[in-house]
Amino acid sequence: MRERADGGGTGRLLSIGAFARLARLSPKALRLYDELGLLPPAHVDPANGYRRYAPAQLERARLVAWLRRLGMPLARIRDVCELAAGPAAEAVSAYWAQTEADTAARRELAAFLVDHLKRKDEDEAMKDISPGTARPGRPLPPPLGIRYAALSDTGLVRESNQDTAYAGDRLLAVADGFGGAGASAGAAAVEALRGLESFDGGALRPGDLLNVLADAAGQANRSVRGVVPAGAPDHTGTTLTAMLWTGSHLALVHVGDSRAYLLRGGELFQITHDHTHVQSLVEEGRLTPEEAESHPQRALLFRALDGSDGVEPEVGLREARPGDRYLLCSDGLSAVVPSDAVREVLGAAPDPGRAVRDLVALAHDAGAPDNVSCVVADVIAEVPPAVPVDGATDVSAPM
C-alpha cells in the first residue's frame, strides 16, 4: 500500500513493509542494504526513524534480489548496480563464469567419486585381468603424460629466497615460506611430499588418492614443526600448493595463498582458494576484489603449515585432458601480475620451460618485490617410445 511520507517534498512513497513485499526482500535485508549504502531509502522520518522507499527504487531492489540469488557478494552487487545495463550484463556474465570455474573442481570430484563407487564391484571382479586390458564395453583411453618445468627466483627486493619450487614425474609443488625459518619450512614441506614420487597409480585405488595427499600434507606440517627453532619469537611457516600426477588425474593439495591455475581451451581458471583474511572479507561482501588487491593486510594468512595442530588443507581432483596446462605459483607472481597477462604468457609459450622463464620475467617487469616461483606442467598424449638411437630414447622429461 502506498503512503505519503511525513515531511514536505518527499512525494508518494512506500513503507518498508510494502516495499519489501513488492521487491521480494525482507525488511531485515533492506535495513542491511541501507547500512551498506547499497539501497538507501528515499526518506527516513527524523522523528521515528521509519524508512520509506520510492516506487522507482523497485527495479534496483529486484536486481539486488536476483543477484543475491546468484550468490554474488554484496560489495560486488553494489558495483553492478552502479553500471549501465550493458556493462552490468558483462559484469554478471564475468561473475558467473568465475563461479563456474570455482566449482569445476568440486563438480569433477563428485563425478569421479560417483563413478568410482559404481565401478568398485567391477574393479574387484576385474583385478586379476592383466593391466592395460580394456574392460568390456569400455575402450582404453589414450595414455597421457606430463612435461614440466620449475623455476624459483629471489626477485628484485628480497635478499634471500624463501620459496621452494619442485617438479618431477609425479609431483609438482610450490611452497612460500615466511618468518625467520621460512626457507627451511618451505623446503621441509616439499621434501615431505617427495616420497610421493614413488607413488604407483595402478597399485592404489583412485578413491584413496585424496587421503594419501591429506596424510602427506599432515607429514609436511610435522616436518615444518621440526625446523622451527624452539622459542622462535616470530611466526614461521609456509604455504603449500602441490599436485600429484596419477596418469589420468591430477590430485591437488592446497593451504595458504600460493595458487594453482588451469589453462584449458584458451581460458585461465584459478582452481585454488586463497586462505587469507582479505579473501574472507571479499566473500562476506565487506571488500570488493579491487579493494582487496591494495589492502594492507592482503598477505595475512588464516591457514598455513606452521607446525600447529588442526591444520586442514584443501584437497581436490582434476581430470586430465590432453592440451591442459597447469600453473602453480607463489604470490610473488599472482600479487603483481594481472591474470590476463598470465593467461597470455601461458597461451603463447611453446613449452613449460619457456613459460616459467617468461612468467618470472613478467614479475620482474612489475618490480618483483617478493620471491617468485612457478611450476608449469603440460598434459600430453604420449606416443610409443622411439627406437633408441645411440642409446637415446624420446621420452617426456623436465624442461
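Residues numbered from 1 in each chain as written. Predicted model: local features only at pLDDT ≥ 70, side-chain atom pairs only at ≥ 80, totals over all residues. Heavy atoms only, no water.

Enquirer: Please provide a residue-by-residue account of the overall build of the protein chain, values included.
Expert: If you tally the helices and strands in the protein chain, you get 13 helices and 15 strands. Burial status across the protein chain gives 42% buried among its 399 residues. Within the protein chain, contacts between residues separated by at least 24 positions form 64% of all contacts whose residues are at least 6 apart in sequence. Within the structure as shown, the protein chain displays about 20600 Å² of accessible surface, and the carbon and sulfur contribution to it stands at 52%. (Helix = DSSP H or I, 4+ residues; strand = E, 2+ residues; numbered from the N terminus. Buried < 20%, exposed > 50% of the residue type's maximum accessible area, 1.4 Å probe, protein only. Contact = heavy atoms within 4.5 Å. Areas by Shrake-Rupley, 256 points an atom, 1.4 Å probe, with all protein chains shown as cover.)

Enquirer: Talk me through the confidence of the model for the protein chain; I want residue IDs and the actual numbers.
Expert: Per-residue confidence for the protein chain gives a mean pLDDT of 80, with 72% of residues at or over 70. Between residues 125-132, whose pLDDT stays under 50, and residues either more than four places distant or in other chains, the model counts 3 contacts. Low pLDDT, under 50, characterises residues 385-399; the predicted model gives this stretch 19 contacts beyond four residues in sequence or across chains. (pLDDT = per-residue confidence, 0-100.)

Enquirer: A description of the environment of Glu 90 should follow, citing residues and the corresponding values.
Expert: Relative to the helices and strands, Glu 90 is located in helix 5 (residues 85-118). A relative accessible area of 59% places Glu 90 in the exposed class. Between the C-alpha atom of Glu 90 and that of Val 80, which follows or precedes it by 10 residues, the distance is 9.4 Å.

Enquirer: Describe in detail helix 3 (residues 58-69), supporting the description with residues and values.
Expert: Over its 12 residues, helix 3 extends 17 Å from the first C-alpha to the last, a length consistent with the 16 Å expected when each residue adds 1.5 Å. Within two residues after helix 3, Gly 71 carries a phi angle of roughly 90°, on the positive side. (Expected span 1.5 Å × (residues − 1).)

Enquirer: Give me the lowdown on the nonpolar core, citing residues and values where you can.
Expert: Counting 26 residues, the largest nonpolar core has Phe 19, Leu 25, Leu 30, Tyr 33 and Ile 77 as its most contacted members. Beyond its immediate chain neighbours, meaning those up to four positions away, Leu 30 contacts Ile 16, Phe 19, Ala 20, Leu 25, Leu 39 and Tyr 53. Residues Tyr 166, Ala 189, Leu 213 and Ala 242 belong to the second largest nonpolar core, which totals 25 residues. (Core = buried A, V, L, I, M, F, W, Y, C linked by side-chain atoms within 4.5 Å.)

Enquirer: Summarise the sheet that holds strand 11 (residues 259-264); cite the residues concerned and give the values.
Expert: Read from one edge to the other, the open sheet built from 5 strands follows the order 5-15-14-11-12, with strand pairing classed as antiparallel. Edge positions in the open sheet fall to strand 5 (144-153) and strand 12 (267-270), since each of these has one partner strand only. Direction aside, neighbouring strands of the sheet carry axes that sit 20° apart on average. The pairing of strand 5 with strand 15 (residues 372-381) spans 10 bridges and is antiparallel. Following the sheet pairing, Tyr 148 is matched in strand 15 by Ala 377. Strand contacts of helix 12 (residues 339-348): strand 11, strand 12, strand 14 (325-329) and strand 15, with the helix running at about 125° to strand 12, the strand carrying the most contacts. (Pairing = 2+ DSSP bridges. Axes fitted to C-alpha atoms, helices over the stretch in contact; angles between N-to-C directions.)

Enquirer: Please provide a residue-by-residue account of the packing of helix 1 (residues 16-23) against helix 3, values included.
Expert: Relative to each other, helix 1 and helix 3 sit at 55°, their axes nearing to 9 Å. In terms of axis orientation, helix 1 runs oblique to helix 3. The way helix 1 lies across helix 3 gives a crossing that is right-handed. Where helix 1 abuts helix 3, its residues Phe 19, Leu 22 and Ala 23 lie against Leu 58, Ala 61, Arg 62 and Ala 65. (Parallel < 35°, antiparallel > 145°, perpendicular 65-115°, else oblique. Left-handed = near helix turned anticlockwise from the far one by under 90°.)

Enquirer: Summarise the packing of helix 7 (residues 182-193) against helix 8 (residues 209-227); cite the residues concerned and give the values.
Expert: Between helix 7 and helix 8, whose axes approach to 8 Å, the crossing angle comes to 145°. Considering only the axes of helix 7 and helix 8, their crossing is right-handed. Along its contact with helix 7, which presents Ser 184, Ala 185, Ala 188, Ala 189, Ala 192 and Leu 193, the element helix 8 presents Ala 216, Ala 217, Gln 219, Ala 220, Ser 223, Val 224 and Val 227.

Enquirer: Requested: an account of the environment of Arg 52, with residues and values cited.
Expert: Here Arg 52 shows up in strand 4 (residues 51-53). A relative accessible area of 10% places Arg 52 in the buried class.

Enquirer: Could you give an account of unusual backbone geometry, with specific residues and numbers?
Expert: Positioned with a positive phi, Arg 24 is a non-glycine residue whose angle comes to about 60°. If you trace the backbone, Arg 24 turns up in the loop between helix 1 and helix 2 (27-35). Phi at Ala 368 takes a positive value of approximately 40°, unusual for a residue other than glycine. In this fold, Ala 368 is placed in the loop between helix 13 (352-365) and strand 15. The class for Ala 368 is buried, based on a relative accessible area of 0%.

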